[in-house]
Amino acid sequence: MKLATLRVPGPAGSAAPATRAVRLDERAGVLADLDAPDLGAFLARPDWRRRAQAATADAGGRTYPVAGAAFAPLVPQPSKVVCVGLNYRNHILEMGRDLPAYPTLFAKFADSLTGPGDEIARPAESEHFDWEAELALVIGKPVRRAVGADAEAAIAGFTVLNDVTCRDWQYRTQQWLQGKAWDSCTPFGPYLVTPDELPGGVRPQLEVTLELDGETMQHDSTADLLFDPVALVEYVSTVVRLNPGDVIATGTPGGVGHARKPARYLDGGSLMVTRIEGIGELRNRITGPHAAHMPHPDPTD
């Protein structure tokens, strides 16, 4: 199944859009309403899988055209967005680092998220605005200290995320949060794809690419992940409970702009396309001041 959060017109007299949780009915070419305001609210229902399977154009519920659909962030208000740094073997080795024994974790906030087709304004405070294509998993049931099959069962599905980063702020200190959590700078979506539709299931083996103005910058496979999605659910849920709709971004492969020689950053007007096979793509135009192409003395993830 492919599930999403769709932007729809708000109530009469309101200029603000509303959102609805939907399922893609590929046979009919429509998005079927899931009777929930967004995907996070829908996943909080214990029987969400059964409800989603029943939601088709033939069921008689409300539907929306796929053509021209305006997708919101996949889960607009997750209780947690946990991110993993340095998790692709090739990327770690190209940086001259040893393979870590444990995942490197940091957090984002719900306000960091933006839609899969939204414009992203480069903050005027940053000149080192960078891309990071990532596979993200979404939690589908409450879980704490999950092991093995329990961790596998907690994964509702997978989506595309780009951990767009202000590198100059990231490296002001040894803590990365201030470079990673900028408002409306993390595109996320468009679909959650359930593991049964992906090769490898809860440990999917998928091609990840990022193109900037038509030029390929990142190209790798999620098979290269050091800590796979199940291992990450086990590790993160040991620290904190995971709720339906929570997000774990699994890390980025090599090819980020910050590690290039010379370094390359996102400019106003650039089009960033982040794609994962079998899931979909993000298409985000960068707006804002022109970014200087300046090398950094210590490029890392």
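Residues numbered from 1 in each chain as written. Predicted model: local features only at pLDDT ≥ 70, side-chain atom pairs only at ≥ 80, totals over all residues. Heavy atoms only, no water.

1. Comments concerning the pattern of salt bridges
When the charged atoms of two side chains lie near each other, side chains of opposite charge can form a pair. We apply this condition: Should a side-chain nitrogen of Lys or Arg be within 4 Å of a carboxyl oxygen of Asp or Glu, the pair is scored as a salt bridge. The way it works is that DSSP assigns letters per residue, a run of H or I at least four long becomes a helix, a run of E at least two long becomes a strand, and they are numbered from the N terminus. Residue exposure (1.4 Å probe, protein chains only): buried if accessible area is under 20% of the type maximum, exposed if over 50%, otherwise partly exposed.
Taken as a whole and judged by the stated rule, the model has 18 salt bridges. Arg27 is paired through a salt bridge with Asp58; the nearest N and O atoms lie 2.8 Å apart. Residue Arg27 is found in the loop between β2 (18-25) and β3 (30-33), and its partner Asp58 is found in the loop between α2 (48-54) and β4 (63-65); the two are separated by 31 residues along the sequence. Judged by relative accessible area, which is 62%, Arg27 ranks as exposed. The salt bridge partner of Asp246 is Lys80, with a shortest N-O separation of 3.4 Å. Of this pair, Asp246 sits in the loop between α7 (229-239) and β16 (247-249) while Lys80 sits in the loop between β4 and β5 (81-85); the two residues are 166 residues apart in sequence, bridging distant segments of the chain. Exposure remark for Lys80: the relative accessible area of 17% places this residue in the buried category. Through salt bridges that share partners, Lys108, Asp130, Glu132, Asp163, Arg167 and Lys180 make up one connected network.

2. Concerning the confidence of the model for the chain
Where we set the bar: On a range of 0 to 100, pLDDT expresses the predictor's confidence in each residue. Any two residues whose heavy atoms approach within 4.5 Å at even a single point are treated as in contact.
Across the chain, the average pLDDT comes to 93, with 94% of residues at or above 70. Contacts from residues 290-300, a stretch scored under 50 in pLDDT, to residues over four places away or in other chains number 33 contacts.

3. Some details on the state of the cysteines
Cut-off, in case you're wondering: The disulfide criterion used throughout: a pair of cysteine sulfur atoms within 2.5 Å.
Applying the stated criterion across every chain yields a total of 0 disulfides. The thiol of Cys83 is not disulfide-bonded; the next cysteine sulfur, from Cys185, is found 13 Å away. Classification of Cys83 by relative accessible area gives buried; the value is 0%. Cysteine Cys185 is unpaired, with the sulfur of Cys166 as its nearest cysteine sulfur at 6.0 Å. Cys185 gets classed as buried once you look at its relative accessible area, which sits at 2%.

4. Some details on a nonpolar patch on the surface
Note the threshold: Patch membership requires over 30% relative accessible area and the absence of a salt bridge. Like charges are linked within 9 Å, and nonpolar side chains (Val, Leu, Ile, Met, Phe, Trp, Tyr) within 5 Å. In these tables, accessible area is a Shrake-Rupley quantity obtained with a 1.4 Å probe, and a residue counts as shielded only by the protein chains included in the view.
On the surface, a nonpolar cluster with roughly 300 Å² of combined accessible area is contributed by Tyr102, Leu105 and Tyr235. By secondary structure assignment, the location of Leu105 is in strand β6 (residues 104-108).

5. Considerations on unusual backbone geometry
A cis amide bond links Gly189 with the next residue in sequence, Pro190, at an omega value of -10°. The residue Pro190 is located in strand β13 (residues 186-193) in this model. Of the consecutive residues Lys261 and Pro262, the connecting peptide bond is found in the cis state with omega at 0°. With respect to the helices and strands, Pro262 occurs in the loop between β16 and β17 (271-276). The residue Asp35 is not glycine, and still its phi comes out positive at about 60°.

6. Some words on the pairing of strand β1 (residues 2-8)
For clarity, the cut-off: In this scheme, strands are said to pair when DSSP sees at least two bridges between them.
Judged by how many residues are buried, β1 sits mostly within the fold: 6 of 7 residues are covered. Direction of pairing for β1 relative to β13: antiparallel, over a ladder of 2 bridges. Bridged to Leu3 within β13 is Leu192.

7. Considerations on the packing of aromatic side chains
Test applied: In summary, the pairing rule links any two rings of Phe, Tyr or Trp, Trp by its six-membered ring, whose centres are within 6.5 Å, and it sorts them by plane angle into stacked for under 30 degrees, edge-to-face for over 60 and tilted for everything else. Throughout this description, the term charge over a ring refers to an Arg CZ or Lys NZ atom that lies within 6 Å of the ring centre and within 35 degrees of the ring normal.
Following the criterion strictly, the structure yields 4 aromatic pairs and no others. The ring of Tyr191 carries Lys2 above its face, with NZ or CZ at 5.9 Å from the centroid. The ring of Trp169 is capped by Arg172, whose NZ or CZ atom sits 3.6 Å from the centre of that ring.

8. A short note on the nonpolar core
Heads up, the rule is: Here the nonpolar core consists of buried residues drawn from Ala, Val, Leu, Ile, Met, Phe, Trp, Tyr and Cys, with membership extended through side-chain atoms lying within 4.5 Å.
Core analysis: the largest hydrophobic core is formed by 52 residues, its most contacted members being Leu31, Phe129, Val233, Ile248, Leu266, Met272 and Ile279. Look past the residues within four positions of Val233 in its chain and what remains in contact with it is Leu137, Ile139, Ala146, Ala151, Ala154, Ile155, Leu242 and Ile248. Leu39, Phe42, Leu113 and Trp176 belong to the second-largest nonpolar core, a separate cluster that totals 27 residues.

9. Structural notes on the sheet that holds strand β18 (residues 280-287)
Spatially, 5 strands are ordered β8-β18-β17-β14-β15 in an open sheet, and the strand pairing comes out mixed. Lying at the two open borders of the sheet, with one neighbouring strand each, are β8 (120-121) and β15 (215-221). Inspection of the sheet shows strand β14 (residues 207-212) paired to β17 by 5 bridges, in the antiparallel sense. If you follow Thr209 over to β17, its bridge partner there is Arg275.

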